[in-house]
Each structure stands twice: as structure tokens, then as C-alpha cells.
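# Structure at a glance
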Amino acid sequence: MSIKSEVEVVDAAAMKRALTRITYEIIEQNKGLEDLVLVGIKTRGIYLAQRIANRMKELEGVSIPVGELDISLYRDDVHTSTDSEPEMKGSSIPVSIEGKQVILIDDVLFTGRTIRAALDALMDIGRPIKISLAVLVDRGHRELPIRADFVGKNIPTSIEEQIKVAVQEIDGEDHVLIQKLNK
């Protein structure tokens, strides 16, 4: 498939505002930051989690642990995406999640399958008291009964479109694009 057209729907300033709003909502809903752990889903979710943690430190003066979650082995669609074994990048969570409130963070919520895989991976690591989900973009088209607790932007899409999130840390810029694909 090739890209027919693409439109920027979120620029760098709007992305920063969305992440700030998510940060405030997390602080408010959790009534503080005690026993909170942020876990970013590889790859872009990690950078979004780090940005939220940095904003929390600015606002509340508290350092929140940030972990990285690799869901490669937990995907239910891995056999359809490649004939080779999935590449393991490894998970790294700097503290125990036992009895903690974990906020899973990802860039785009689509079918829900990535989040299901992330929940499985997280439960293999430990048993948090609560798991919430924060996403930068919710594009709809769920296949599983999963919803985000914190959403930066709802962007309804057609099934023929893709959402492409770029982050400064790996893409050199911040934005969200809707790409229309040729069939």
C-alpha cells in the first residue's frame, strides 16, 4: 500500500497541550502521585511517558518512575506480520509494580489488541493494584472492549486511513498525521 495523501491534524504545540492535559487529569484522578508508575509501550509510548513524568515533576516536584514495556511476544497478530520470530527489545521497569497504580501509555489506540498484549505482559511482571490507560490519540475501530482513561485527542478515522505519530526523540519533530492509503 502506498500513501495517497496526508494531513497534519496535531502540531507540536497541540501535542504539548494534549500531554499537559493528560498529566493534569492523571494527577487529579489519582489524588496525587503516591504509588504511581508510568509504563510506556515501545516505541513512542516510552517518550510520551517520559514527557508526562517530566511535566509531573515540574508541577508537583515529584519524580515518577517510568518503565518501558515490550509487547512483541504477546501480540496475537505476530504470525501475520512476518514469517520470522519477533524481535525482542526487552521491557525495563525500574521499580516493582506490585500494589502500585500503573498508567500504561501509548501513542495511538486503534483495535485494542496492542493494549491487550500490554496487559498480558504487565501481569507477567507483577500485580498492580490498578492499571489505567493514557493515549495521545484514540482513532476508534475497536475490536476488543478496551477504552482509554486519558485521551489527548479523539480523531475519528476511516479504516482506509492510518494515524502516524511523530515524536522529536526519534522522528526529529512532533506531530500527528492522518494518512490516506491507496489500495
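Residues numbered from 1 in each chain as written. Predicted model: local features only at pLDDT ≥ 70, side-chain atom pairs only at ≥ 80, totals over all residues. Heavy atoms only, no water.

Going by this rule: UniProt positions are given in the numbering used here, feature names are shortened, and annotations may be inferred rather than shown by experiment.
In the annotation of an unreviewed UniProt entry, the entry for the chain reads Bifunctional protein PyrR, and the organism field reads Carnobacterium iners. Looking at the chain in UniProt, the text filed under Subunit (unreviewed entry) is "Homodimer and homohexamer; in equilibrium." Taken verbatim from the UniProt record of the chain, the Catalytic activity (unreviewed entry) comment is "UMP + diphosphate = 5-phospho-alpha-D-ribose 1-diphosphate + uracil".

### Some thoughts on the environment of V7
Keep this limit in mind: Only DSSP runs of H or I with at least four residues qualify as helices, and only runs of E with at least two residues qualify as strands; both kinds are numbered from the N terminus onward. Contact criterion: two residues are considered in contact whenever any of their non-hydrogen atoms come within 4.5 Å of each other.
The topology assignment puts V7 in strand β1 (residues 2-10). Each C-alpha atom of the pair V7 and S132 lies 30 Å from the other, and the pair is 125 residues apart in sequence. For V7, the contacting residues outside a window of four places in its chain are V176, L177 and I178.

### Some remarks on the pairing of strand β5 (residues 130-138)
We count it as follows: When accessible area is computed with a 1.4 Å probe and restricted to protein chains, residues below 20% of their type maximum are described as buried, those above 50% as exposed, and intermediate ones as partly exposed. We treat two strands as partners when DSSP finds at least two bridges between them. A right-handed crossover is one whose linking path, passing over the helix from the first strand to the second, runs clockwise when the strands point away from the viewer.
Counting buried residues in β5 gives 7 out of 9 residues, a clear majority hidden from the surface. Examined bridge by bridge, strand β4 (residues 101-109) and β5 share 8 bridges and lie parallel to one another. Considered in β5, the bridge of I105 is made with A134. Crossover β4 to β5 through helix α4 (residues 113-125) is right-handed. As defined by bridge partners, β5 adjoins strand β6 (residues 150-154) across 4 bridges and the pair is classed as parallel. Looking at β6, one finds that V135 is bridged to V151.

### Thoughts on the sheet that holds strand β7 (residues 161-166)
Just so we agree on the cut-off: Where helices are involved, their axes are fitted lines through C-alpha atoms of the stretch in contact, as for all axes, and angles between N-to-C directions lie from 0 to 180°.
Read across the sheet, 3 strands follow the order β1-β8-β7 without closing on themselves; strand pairing throughout is antiparallel. The outermost strands of the open sheet, each flanked by one partner alone, are β1 and β7. Put simply, the sheet's adjacent strands are angled 30 degrees from each other on average, direction ignored. Sheet analysis places β7 next to strand β8 (residues 175-182), joined by 6 bridges and oriented antiparallel. Along β8, the bridge assignment pairs Q162 with Q179. Helix-sheet contacts for helix α1 (residues 12-29) involve β1, β7 and β8, and the interaxial angle to β1 is about 60 degrees.

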